[in-house]
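An overview of the molecular structure
For reference, the chains in residue letters:
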Amino acid sequence: MRSCTQDINFWGSVYPTHFAIPHLMKTKGKIIINASAAGVLNPPGGGFYNASKAALISFYESLRFEVSPTITITILTLGFIQTNFITTKYSSNGVGARLKKDLRDLFPTMEAEACAKAIVDGIRKGATSITEPRFFKVFVLFKFLFPKPHYYYSNIYSPLVEG
């Protein structure tokens, strides 16, 4: 089964990268990939979105070995950033998962400007991966150390996404 989400989120990054690599090799360029914490945490109701972001992370981690040190790759795994994307009003327009409640009312979020600053600072310092808000790193560690409680915790919040 094909997914437009996979086409946009995965191939929409891979194709331009393919064509940019010769130029980036000559200029010692950078590739910045906007993945998602969902590509690692796999929250319920995310299906194709989670898979597309996990594929991005995997592809660019592999590509890093092929092009380093000439090209640097930074992978962003962002959590909940204060944008319209995490609101019921935005999701009811047929974009993304249909939310029952605004996520910013339920989870800690990060302001978009602070997130952008953290990303730019990380790239300047040569970071290969940037996770924001930083507490999402704890969720990732929790998932790998304690998979059953992670599964239980994730299912508590699955009713937040409509059917």
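Located above this text is the structure these notes cover.
Throughout what follows, the structure given in this document is the object of discussion.

1. Quick notes on the side chain of T77
Among the structural elements, T77 can be located in strand β2 (residues 72-78). Among the polar contacts listed, one links the side chain of T77 to the side chain of T131, at a separation of 2.6 Å. Among all residues touching T77, those that are not within four sequence positions of it are A35, S36, A37, V40, I57, I130, T131 and E132.

2. A look at the nonpolar core
The biggest cluster of nonpolar side chains holds 15 residues, and the ones touching the most others in it are I31, Y60, L63, I73 and I75. Every element with two or more residues in this core is listed here: α1 (4-27), β1 (30-34), α3 (47-67) and β2. If one sorts the elements of this core by residue count, α3 sits on top with five residues. For I75, the contacting residues outside a window of four places in its chain are I33, A35, I57, Y60, E61, R64, T128, S129 and I130. L78, I81, I123 and I130 belong to the second largest nonpolar core, which has nine residues in total.

3. A word on the sheet that holds strand β5 (residues 129-132)
Pairing is parallel in the open sheet, where three strands are placed in the order β1-β2-β5. Edge positions in the sheet fall to β1 and β5, since each of these pairs with one other strand and no more. Across the sheet, the mean angle separating the axes of adjacent strands is 15° when strand polarity is ignored. Seen against the sheet, α3 touches β1 and β2 and runs at an angle of roughly 160° to β2.

4. Some remarks on the pairing of β2
Burial analysis of β2 places six of its seven residues in the buried class, the great majority of the element. Two elements, β2 and β5, share four bridges in a ladder whose sense is parallel. From the neighbouring strand, I75 faces β5, where its bridge partner is S129.

5. Regarding the pattern of salt bridges
Any two side chains of opposite charge can pair, on the condition that their charged atoms come close. Across all of its chains, the model carries two salt bridges by this definition. Linking D121 and K117 is a salt bridge whose minimum nitrogen-to-oxygen distance equals 2.9 Å. Of this pair, D121 and K117 both sit in helix α5 (residues 112-124), four residues apart, which is roughly one turn of that helix. Given a relative accessible area of 54%, K117 falls into the exposed group.

6. Regarding the environment of I119
One can find I119 in helix α5. Judged by its relative accessible area of 14%, I119 is buried. Those residues within four positions of I119 in sequence are excluded, and the remaining contacts are L76, L78 and I130.

7. A closer look at a nonpolar patch on the surface
Taken together, the side chains of L141, F142, L145 and F146 present a nonpolar region at the surface, about 390 Å² in accessible area. Its location among the elements puts F142 in helix α6 (residues 136-145).

8. Thoughts on the pairing of β1
Burial along β1 is one-sided: I31 and I33 are buried, and none of K30, I32 and N34, which face the opposite way, are. Pairing geometry for β1 and β2, over five bridges, is parallel. Looking across to β2, one finds that K30 is bridged to T72.

Parameters at a glance
Residues numbered from 1 in each chain as written. Predicted model: local features only at pLDDT ≥ 70, side-chain atom pairs only at ≥ 80, totals over all residues. Heavy atoms only, no water. Helix = DSSP H or I, 4+ residues; strand = E, 2+ residues; numbered from the N terminus. Polar contact = N/O pair within 3.5 Å; in protein donor to acceptor, adjacent residues only side chain to side chain. Contact = heavy atoms within 4.5 Å. Core = buried A, V, L, I, M, F, W, Y, C linked by side-chain atoms within 4.5 Å. Buried < 20%, exposed > 50% of the residue type's maximum accessible area, 1.4 Å probe, protein only. Pairing = 2+ DSSP bridges. Axes fitted to C-alpha atoms, helices over the stretch in contact; angles between N-to-C directions. Salt bridge = Lys/Arg side-chain N within 4 Å of Asp/Glu carboxyl O. Patch = residues over 30% accessible without salt bridge, like charges linked within 9 Å, V, L, I, M, F, W, Y side chains within 5 Å. Areas by Shrake-Rupley, 256 points an atom, 1.4 Å probe, with all protein chains shown as cover.

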